[in-house]
Amino acid sequence: MKKLFRSAAVLALAAALLVSLTACGKEQETQPETEEPVQEAPATLRVGALKGPTAMGLVELMKASDLVSAGEEVPQAYDNLPDAVDSYTFTLAAAATELAPQLVKGDLDIACVPANLAATLYQQTEGEVVTLGINTLGVLYIVENGNAVQSLADLEGKTMVASGKDSTPEYALRYLLEENGVDPDTGVVIDWKNEHSECVSALASGAATIALLPQPFVTVAESKMPELRTALDLTEQWDALDNGSALITGVVVARRDVVEAHPQAVERFLEQYAASVDWVNANTADAAALIGEYGIVDAAVAEKALPACNIVCITGSEMKEKLSGYLQVLCDASADSVGGAMPGDDFYYGAE
């Protein structure tokens, strides 16, 4: 829009000039208008995350955003963040099944979800969900009250509790069991719980002796049961297969319409998210205090668990390479695990 900043004197001079030119039979030259670039409308992005490593990596940004929203200054302790921190609204949930419907319905703009669920949402929405980055690598462990499990093959004939059915924990476990000669349907009994905390309770009560748990719930369980043993690290088990892929737990996704309508806001979010992840990984004690403040997990638990949580922010081509390799392994084992087929290239935001 052309801006007119003329004083009364300037207007009078212009009028006089116009009369003079007209009297001389000359035409006034019309100056071309200069169009200003269209500015992106401000967007307060609505972000959902699970009470675990994905929310833990966001916690510095959560705190800074709350301060900005309250009109307060961001403290010097967060000087790693970009100068201008955006205001966000955050929703924390115990299970991905709480976040996925909100994302699809438009109640959330961005969500941190299991990697395979992201691919499934892409298929279910006909490509209207895109992945912005990887936020959590492998955090899954087999824990035991006892010493019977020394390898995945040792799970043959045993009963274990687990949470995360139809998402990364189940598909990763099934794949690894099969690769180690154990039929996941008949060779082992898996008692699926709704939440990881239920698995911890089952161990504490003696109702179960073996469980599949992610961090920080491994640390929670160890704090309640000093005799609990970490029997197997599933990331190590996956890497031992040397299949060209990496075990990925979680990714951050967004609705395509949000990405297209507010590209600058999405880019700023990724920049601020990456800074938050770096700060959390470098400031364990301070990050743990914030994690406790936001009720993600107990601060003492977070401080012990953070070094084993594999919190990252991997974007672009590296994200596509790692994530597509992981999803291909799952798809080869069961296409249903990724929504029926591998996602297209447009699933990977910012990848060349």
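Here is a short report on the structure shown in this document. (Residues numbered from 1 in each chain as written. Predicted model: local features only at pLDDT ≥ 70, side-chain atom pairs only at ≥ 80, totals over all residues. Heavy atoms only, no water.)

Across its full length, the protein chain holds 13 helices and 11 strands. In the protein chain, which comprises 352 residues, the proportion classed as buried is 48%. Surface exposure of the protein chain reaches about 16,700 Å², of which carbon and sulfur atoms provide 49%. (Helix = DSSP H or I, 4+ residues; strand = E, 2+ residues; numbered from the N terminus. Buried < 20%, exposed > 50% of the residue type's maximum accessible area, 1.4 Å probe, protein only. Areas by Shrake-Rupley, 256 points an atom, 1.4 Å probe, with all protein chains shown as cover.)

What follows is about the packing of aromatic side chains. Applying the stated rule across the entire model yields 8 aromatic pairs. The interplanar angle of 55° and the centroid separation of 5.9 Å between the aromatic rings of Y88 and F90 together place this pair among those described as tilted. We classify Y88 as buried; its relative accessible area is 3%. Relative accessible area serves as the criterion here: at 21%, F90 is assigned to the partly exposed category. Their ring planes at 70° and their centres at 5.6 Å tell us that Y88 and F269 sit as a pair that is edge-to-face. One end of the pair, Y88, is in the loop between helix 2 (53–69) and strand 2 (89–93); the other, F269, is in helix 10 (residues 263–282), with 181 residues separating them in the sequence. Each residue in the set Y88, F90, F269 and Y273 is aromatic and connected to the rest through ring pairs, giving one cluster. (Phe/Tyr/Trp six-rings, centres within 6.5 Å; stacked < 30°, edge-to-face > 60°.)

The next point concerns the side chain of E60. You can see E60 is positioned in helix 2. Notably, E60 is buried but unbridged: the nearest opposite-charge side chain belongs to K63, and the N-O separation is 12 Å. Filtering out sequence-adjacent residues up to four positions away, E60 remains in contact with Y78, N80, L81, A275, S276, W279 and L290. (Lys, Arg positive; Asp, Glu negative; His and termini not counted. Salt bridge = Lys/Arg side-chain N within 4 Å of Asp/Glu carboxyl O. Contact = heavy atoms within 4.5 Å.)

It is the contact of helix 2 with helix 10, at a shortest axis distance of 7 Å, that shows an interaxial angle of 105°. When the interaxial angle is binned, helix 2 and helix 10 end up roughly perpendicular. Note on element contacts: helix 10 touches helix 2 through F269, Q272, Y273, A275, S276, V277, W279 and V280, opposite T54, M56, G57, L58, V59, E60 and L61. Of the residues that constitute the contact of helix 2 with helix 10, the class distribution is 10 nonpolar, 4 polar and 1 charged. (Axes fitted to C-alpha atoms, helices over the stretch in contact; angles between N-to-C directions. Parallel < 35°, antiparallel > 145°, perpendicular 65-115°, else oblique. Nonpolar A, V, L, I, M, F, W, Y, C, P; charged D, E, K, R; others polar.)

Within the open sheet, the 6 strands sit side by side as 2-1-3-10-4-11. Their pairing is mixed. If you trace the sheet from one side to the other, it starts and ends with strand 2 and strand 11 (311–314), each paired once. Taken over all neighbouring pairs, the strand axes of this sheet differ in orientation by 25° on average, direction set aside. Taken together, the 5 bridges between strand 3 (residues 110–114) and strand 10 (residues 248–255) define a ladder with antiparallel strand orientation. Bridge pairing in strand 10 links I110 to A254. Sitting on the sheet, helix 10 is in contact with strand 1 (46–50), strand 3, strand 4 (129–137), strand 10 and strand 11, with an inclination near 150° to strand 11. (Pairing = 2+ DSSP bridges.)

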